[in-house]
Structure formats: C-alpha cells, structure tokens
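# Structural description and commentary
Here are the chains, one letter per residue:
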Amino acid sequence: MPINPHEFQSIVVLTGAGVSAESGIATFRDSGGLWEQHRVEEVASPAGFRRDPELVHRFYNLRRRQLIAEARPNPAHAALARFQRDFPGELLLVTQNVDHLHEEAGATRVVHMHGELLKQRCTRSGQVSDCREDLSTGSLCRCCQTPAPLRPHIVWFGETPLEMELIDRALASCDLFVAIGTSGHVYPAAGFVDAARAAGAKTVALNLEPSANSHCFDLQELGPASEVVPAFFTPNA
Ligand code: NAD
Ligand code: APR
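Residues numbered from 1 in each chain as written. Chains lettered and ligands numbered in written order. Predicted model: local features only at pLDDT ≥ 70, side-chain atom pairs only at ≥ 80, totals over all residues. Heavy atoms only, no water.

Going by an unreviewed UniProt entry, the chain carries the name NAD-dependent protein deacylase and comes from Posidoniimonas corsicana. Annotation of the chain in UniProt includes, under Function (unreviewed entry), the sentence "NAD-dependent lysine deacetylase and desuccinylase that specifically removes acetyl and succinyl groups on target proteins. Modulates the activities of several proteins which are inactive in their acylated form." Per its UniProt entry, the chain bears the Sequence similarities (unreviewed entry) comment "Belongs to the sirtuin family. Class III subfamily." (UniProt positions renumbered as here; feature names shortened; annotations may be inferred.)

See the structure below:
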C-alpha cells in the first residue's frame, strides 16, 4: 500500500545513525560499528566519565574532529530538509544522532534527543555552549564563579534523553511517523512507533535492513538512505 507523505498534516520523523552512514560516520551496531571498538560503559556512561574522563574526552574528540573534517550531508539529509521546507503541515525532525548534518543540509526544528557532538556542557550549571575544539580534564567552564569541568553534551547510557515532553506531544498528535536508519534497539526511541500507532498514525520504516521493531510498521522500504529517503519524500513521487 503506497504512502504519500504529502497527504498528511502532522509528521514526526526519527533518524538514527544509518542516515549518516553514507556521510562516513560509523554506526553503532553494524559490523565495524562503534560498539565493536569501544566498551560502551567506558566511553558512554556517567560512571565511565567519572572513572576515566580523559578516555571519554579522547573518544569524543576523535569523533568531533572526524565530524568537522570529513562528514558532509548526503542525499538523505538533503531530501528531508527540502521536504520539511516545502511541507505545508507540521514536521518535527527528531534525531538520535549527535552530528549536525541535518542542520547543515538546511533542516530546521531538529531535536537532538541524545545530545550534540558540537556542544559542551558545564558539569555544575548544566549550561550548554558550542564546542569545536578538543576537550580534556583541563577544560573548564566560563559560566561559574569557580570554573567547573566541562563534559561532552551527549546523553549517556542510563541518562534521560532530551526534549522528551516535546517529542511525546508530537507523537500523540501525528498522522504519519517515519523512522530512518535506526536499528530499533534503544528505548525510548524504539518505542516511538508504538506511540504513533496509538495516535492512529501511519508508520513507515526506511532502513538498510529490517530493524528490531520493523514488524510494528505499516510500510518498510529497504535500501540505503541516500536512495530510499529521496524516493519516499520526493514531491508527488
Ligand atoms: P549511548 O550509546 O550512550 O546511548 C545514549 C542513549 O541511548 C541513552 O540516553 C540511553 O537512553 C540509550 N541507551 C542505549 N542503550 C541503552 C541501554 N542498554 N540501557 C539504557 N539506555 C540505553 O550513546 P552515545 O554516547 O550518544 O554514543 C556514543 C558516541 O557515538 C556519541 O558521540 C554518538 O554521537 C556517536 N555516534 C554518532 C553518530 C552520528 O551522530 N551519526 C553515529 C554513531 C555514533
Ligand atoms: N542507509 C539506511 N540505513 C542504514 C544504512 C544506510 N546507508 N547503514 C546502516 N543502516 C541502518 C542499519 O541497518 C541499522 O538498522 O542503520 C541502523 C543503525 O543502527 P545503530 O547502529 O544501532 O544506530 P542507532 O539505531 O542510531 O542507535 C540508536 O543507540 O548507542 C545508542 O546513542 C546511540 O543514538 C544511538 C542509539
């Protein structure tokens, strides 16, 4: 059953690492993914940061440098930004990714539920600011009278994803939900499709291969994001 995104009024799009894979950013759970090379609890958890902050800074410094130096938006980012720009209804773009490729492609209203690699956060005040340089244990904030250590503005295992109230409100009133390039392993993002279905929305998965929750979707288009995303969002395709 074909689903034409132009026939809907309120759309929520969720993207995962797969939408940036063709921009050269490693995903997590594909072969060669990040979690094959790093122990998550060491580099992506509050305990890991307390135990060895320099190791965590090195992990993110490497990813930040690679992101700034090499990663550019691919046709999937461009097609999404173009569709959002011309779409007369509401479109909320929620990403689990911490890169800024959606914004670089021209997307607006991007919600980074797992944080942003190009931002840093004061460990005392929580204030967030831009970050394009390496961080280390010597990196201190400028927002507190007594400077406090900075951390990457990334949501780690066991921490609460950002902007969940906004996301839950959008899911409760959407009539189309599209998940792109995400394995469906990580909650709460993996449960967004259930919330959208409960609201009566049509649900579409655009992915390289079936995801862990692909049985929840009305329609699944398999293929590289740079092909299936433009094909799905191309005006009146
Ligand atoms: P993470 O693996 O620490 O997970 C962050 C979120 O995932 C947490 O909020 C948590 O809710 C949830 N989560 C995942 N598995 C969980 C579990 N088993 N139990 C509880 N919660 C769980 O994510 P991270 O620190 O954002 O990822 C590591 C680094 O790799 C980040 O810098 C990430 O951006 C980077 N990366 C980025 C991209 C991209 O931006 N395209 C792609 C791949 C990797
Ligand atoms: N086009 C489309 N999909 C792709 C492509 C591609 N070129 N390459 C890979 N994929 C798909 C894979 O098939 C997989 O389903 O993208 C998905 C990537 O899954 P993960 O590596 O698990 O990434 P993601 O789903 O974003 O992980 C969710 O887990 O560790 C946390 O915070 C981390 O945000 C991340 C969250």
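A sheet is described by the order of its strands in space; here three strands give the open sequence β5-β4-β6, paired in antiparallel fashion. Strands with a single pairing partner mark the edges of an open sheet, and in this sheet they are β5 (128–130) and β6 (150–154). Sheet twist, expressed as the average angle between the axes of neighbouring strands with direction ignored, equals 45 degrees. Here strand β4 (residues 115–122) runs beside β5; their pairing, made up of three bridges, is antiparallel. The partner of K119 across the bridge, within β5, is D130. Packed on one face of the sheet, helix α5 (residues 53–70) meets β4 and β6 and runs near 135 degrees to β4. (Pairing = 2+ DSSP bridges. Helix = DSSP H or I, 4+ residues; strand = E, 2+ residues; numbered from the N terminus. Axes fitted to C-alpha atoms, helices over the stretch in contact; angles between N-to-C directions. Contact = heavy atoms within 4.5 Å.)

With twelve residues, helix α6 (residues 75–86) should reach 16 Å at 1.5 Å per residue; the first-to-last C-alpha distance of 16 Å fits that figure. Regarding α6, the residues found buried are A76, H77, A79, L80, A81, F83 and Q84. The inward-facing, buried residues of α6 abut β1 (10–15), α1 (18–21), β2 (90–95), α7 (101–104), β7 (176–180) and α10 (225–233). Two or three places before A76, at the opening of α6, N74 has a side-chain oxygen 2.7 Å from that residue's backbone nitrogen. (Expected span 1.5 Å × (residues − 1). Buried < 20%, exposed > 50% of the residue type's maximum accessible area, 1.4 Å probe, protein only. Polar contact = N/O pair within 3.5 Å; in protein donor to acceptor, adjacent residues only side chain to side chain.)

Once that is clear, we can look at the side chain of H57. Tracing the backbone through its elements, the reader meets H57 in helix α5. The contact partners of H57, leaving out residues within four places of it in the chain, are F49, L135, S136, T137, L150, R151 and P152.

Okay, the pairing of strand β8 (residues 202–207) next. Most of β8 is tucked away: five of the six residues are buried. Alignment of β7 against β8, held across five bridges, turns out to be parallel. Note on β8: the bridge partner recorded for V178 is V204. What joins β7 to β8 is helix α9 (residues 192–198), and the crossover it makes is right-handed. For β8 and strand β9 (residues 219–222), the ladder comprises four bridges, and the chain directions are parallel. In the sheet register, A205 faces β9, and the bridge partner there is Q220. (Right-handed = clockwise from strand over helix to strand, strands pointing away.)

Taken N-terminus to C-terminus, the directions of α6 and α10 make an angle of 20 degrees; their axes are 7 Å apart at the nearest point. The angle between the axes of α6 and α10 places the two elements in the roughly parallel class. In this structure, α6 meets α10 at a crossing whose hand is left-handed. Contacts between α6 and α10 involve P75, A76, A79, L80 and F83 from the first element and A225, S226, V229, P230 and F233 from the second. Counted by class, the contact of α6 with α10 contains nine nonpolar, one polar and no charged residues. (Parallel < 35°, antiparallel > 145°, perpendicular 65-115°, else oblique. Left-handed = near helix turned anticlockwise from the far one by under 90°. Nonpolar A, V, L, I, M, F, W, Y, C, P; charged D, E, K, R; others polar.)

For the coordinates displayed, the defined rule picks out eight salt bridges. One salt bridge in this structure joins E159 and R151, with 2.9 Å as the shortest N-O distance. We note a salt bridge from D218 to R197, for which the minimum N-O separation is 3.4 Å. On the criterion of sequence distance, the pair formed by D218 in the loop between β8 and β9 and R197 in helix α9 is long-range, its members being 21 residues apart. Since its relative accessible area comes to 32%, D218 is described here as partly exposed. (Salt bridge = Lys/Arg side-chain N within 4 Å of Asp/Glu carboxyl O.)

Looking now at the site of ligand 2. In the vicinity of ligand 2 there are 22 residues, among which A17, F28, R29, T182 and S183 approach most closely. Between an oxygen atom of ligand 2 and a main-chain N or O atom of Q96, the distance comes to 3.2 Å. Measuring from an oxygen atom of ligand 2, one finds a side-chain N or O atom of S183 at 2.6 Å. In isolation ligand 2 exposes 740 Å². Once the protein is present, 93% of that is buried. Broken down by class, the residue content of the shell around ligand 2 amounts to eight nonpolar, ten polar and four charged. (Near = heavy atom within 4 Å. Areas by Shrake-Rupley, 256 points an atom, 1.4 Å probe, with all protein chains shown as cover.)

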